[in-house]
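Descriptive structure summary
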Amino acid sequence: MNSRERVIAAINHKEPDRIPIDFGATGQTGINACALYRLRDYLGLPKKDVDIFEVIQMLGVVDEDLRRIMKSDVIGMNHPEDSMGVPDTGKKKRFIMPDGTPCLLNAGNEWDIDPDGSIYMYPQGDRSAPRSVKMLDQGYFFNIIDRAPEYDEDNLTPREDFENFFSVMSDETAKYYENESKRLYNETEYAVIGNLAGAGFGDAGAIPAPFEKHPKGIRKFDDWVAAQLMYPEYVEEVFEMQTEYMLKNLQIYKDAVGDRIQIVWISGTDFGTQNGPFMSKDLFEELYKPYYKRVCDWVHKNTNWKTYIHTCGAITTLLDDIADMGVDIVNPVQLSAKGMDPQLLKDKWGDRLVFWGGGVDTQHTLPSGTPEEVAAQVTERLPILSKGGGYVFNTIHNIVGDTRAENIWAAFHAVHEYNDKHFGKQN
């Protein structure tokens, strides 16, 4: 099998010729620029400034030379603008991380470095708008700043509040996706995941809107969580509005890319904490499930794509609903969270859900363990999660900035060795 065939088999719950690998294809299976820069050096690859495709988390583009060494089977088709709302015109601006890592951002971005070393950036590169994100001195990523004014609980206007948050895809963007999907499908043998997003209902990383110049309404995450109980009609109206735009954009996206992608990434909303879900099962079923189901049903009715969502945390009580609403693939499979036992997940949901991730703990083992401990954890989990297909290897969420290069290599090399041992050497 080539990489695309391998992933297609896995996401259809068939056992491929070896366990597929994702290294850097999405905004939740990526690697921070600082760790990426050190990994390239560790592996003897040429030094180069790290091109950033996701600004908030400072995730770096994985170039073809590294992708081949890591034996990744997946490539991502990203947005033509970054998470600050700045388009990629091909022109770049150099950005130096606090640890000295040289990066490249879309040229329209603007930032300040304050006397305390903190770095602030502006939405859409507009200095007339309030600064929307902050990186602490010696930090590796940006934190989102709450900027929306206080809302009036007696005069809630959800459609007005989110009128600049949602939009219909432009002809120019659709043409970009058409061209990029042709390039990735025709010029590579990788499985292509379309990182569309748009159905991240209640996403804590999106609601405050770091890309929006002047957000308004209920935007602070603690207020948003409370609003689900206090003002459910407000939340429902936002979700209804979001679904309307998502369905329009899915049609445009489908017309642009056809069957040249195999997977569509639709949501990054976290529903779990370390110890349990953010909400009750009843609230999830009432407030979230219907909207996700409408989106997933559209995808399955109109395309051959598999639907992919990211949700961290302990979510075992929600997995039946997640499968029922039409999700095909779940990431990051946070086995470090309460109750997220790999054997339980595989036995109970492995025939309905593809698990994408789960390979090694990025909270403790990968950044703090020894290479031997990293490899051991990977090797222990692979036979459980990959049995019968329905699995793509990745770490549990993105590789953070201070992770040692030898540990990153130990994790992925352990998969290579496992594949060679159990499936034969790869040409």
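The structure this text deals with has already been given above.
Residues numbered from 1 in each chain as written. Predicted model: local features only at pLDDT ≥ 70, side-chain atom pairs only at ≥ 80, totals over all residues. Heavy atoms only, no water.

**Let's talk about the sheet that holds strand β15 (residues 391-392)**
Taken together, the 7 strands give an open sheet; going across it, the order is β3-β10-β11-β12-β13-β14-β15, and neighbouring strands pair in parallel fashion. A strand with exactly one partner marks an edge of an open sheet, and here the two such strands are β3 (74-77) and β15. Where strand β12 (residues 306-310) meets strand β13 (residues 329-331), 3 bridges bridge the pair, whose relative direction is parallel. Following the sheet pairing, His 310 is matched in β13 by Asn 331. (Pairing = 2+ DSSP bridges. Helix = DSSP H or I, 4+ residues; strand = E, 2+ residues; numbered from the N terminus.)

**Points about the side chain of His 310**
If you trace the backbone, His 310 turns up in strand β12. Apart from the residues within four sequence positions on either side, His 310 is in contact with Gln 28, Trp 265, Ser 267, Gly 268, Thr 269, Asp 270, Asn 331, Pro 332 and His 397. (Contact = heavy atoms within 4.5 Å.)

**A word on the side chain of Thr 29**
The topology assignment puts Thr 29 in the loop between α1 (3-11) and α2 (33-42). Exposure remark for Thr 29: the relative accessible area of 1% places this residue in the buried category. In this structure the side chain of Thr 29 is engaged in a polar contact, spanning 2.7 Å, whose partner is the side chain of Asp 22. Dropping the residues within four chain positions of it, Thr 29 is found in contact with Asp 22, Phe 23, Gly 24, Tyr 308, Asn 331, Trp 356, Asn 394 and Asn 398. (Buried < 20%, exposed > 50% of the residue type's maximum accessible area, 1.4 Å probe, protein only. Polar contact = N/O pair within 3.5 Å; in protein donor to acceptor, adjacent residues only side chain to side chain.)

**Some details on the packing of aromatic side chains**
Evaluated as defined, the whole model comprises 26 aromatic pairs. Pairing Phe 165 with Phe 166 gives two aromatic rings, centres 4.8 Å apart and planes at 80°, and the pair type is edge-to-face. Relative accessible area serves as the criterion here: at 10%, Phe 166 is assigned to the buried category. Seen from their ring centres, Phe 165 and Phe 211 are 5.5 Å apart, and the 50° between their planes marks the pair as tilted. Linking Phe 165 in the loop between α4 (158-161) and α5 (171-187) with Phe 211 in the loop between β10 (191-194) and α6 (221-230), this pair joins segments that are 46 residues apart in sequence. (Phe/Tyr/Trp six-rings, centres within 6.5 Å; stacked < 30°, edge-to-face > 60°.)

**What to know about the packing of α5 against helix α7 (residues 232-257)**
Here α5 crosses α7 at 40°, and the two axes come no closer than 8 Å. Here α7 runs oblique to α5, going by the angle between their axes. Regarding α5 and α7, the two cross each other, and that crossing is right-handed. Residues Ala 174, Tyr 177, Glu 178 and Ser 181 of α5 lie in contact with α7, whose contacting residues are Ile 252, Tyr 253, Ala 256 and Val 257. (Axes fitted to C-alpha atoms, helices over the stretch in contact; angles between N-to-C directions. Parallel < 35°, antiparallel > 145°, perpendicular 65-115°, else oblique. Left-handed = near helix turned anticlockwise from the far one by under 90°.)

**Some remarks on the sheet that holds strand β1 (residues 50-54)**
The strands that make up a sheet are held in pairs by hydrogen bonds between backbone atoms, and each pair lies either parallel or antiparallel. Spatial strand order, β2-β1-β5-β4: 4 strands in an open sheet with mixed pairing. Edge positions in the open sheet fall to β2 (59-60) and β4 (92-96), since each of these has one partner strand only. α2 rests against β1, β2 and β5 (102-106) of the sheet, and its axis sits at about 145° to β1.

**Considering unusual backbone geometry**
Note that the residue after Asn 331, namely Pro 332, is joined by a cis bond; omega there is 10°. Mapped onto the fold, Pro 332 is located in the loop between β13 and α10 (342-349). A positive phi angle, near 55°, is found at Met 58, a position not held by glycine. Classification of Met 58 as buried rests on a relative accessible area of 0%. Non-glycine residue Ala 197 carries a positive phi angle of around 60°. Relative to the assigned elements, Ala 197 resides in the loop between β10 and α6.

Any functional reading would require information beyond the geometric quantities listed.
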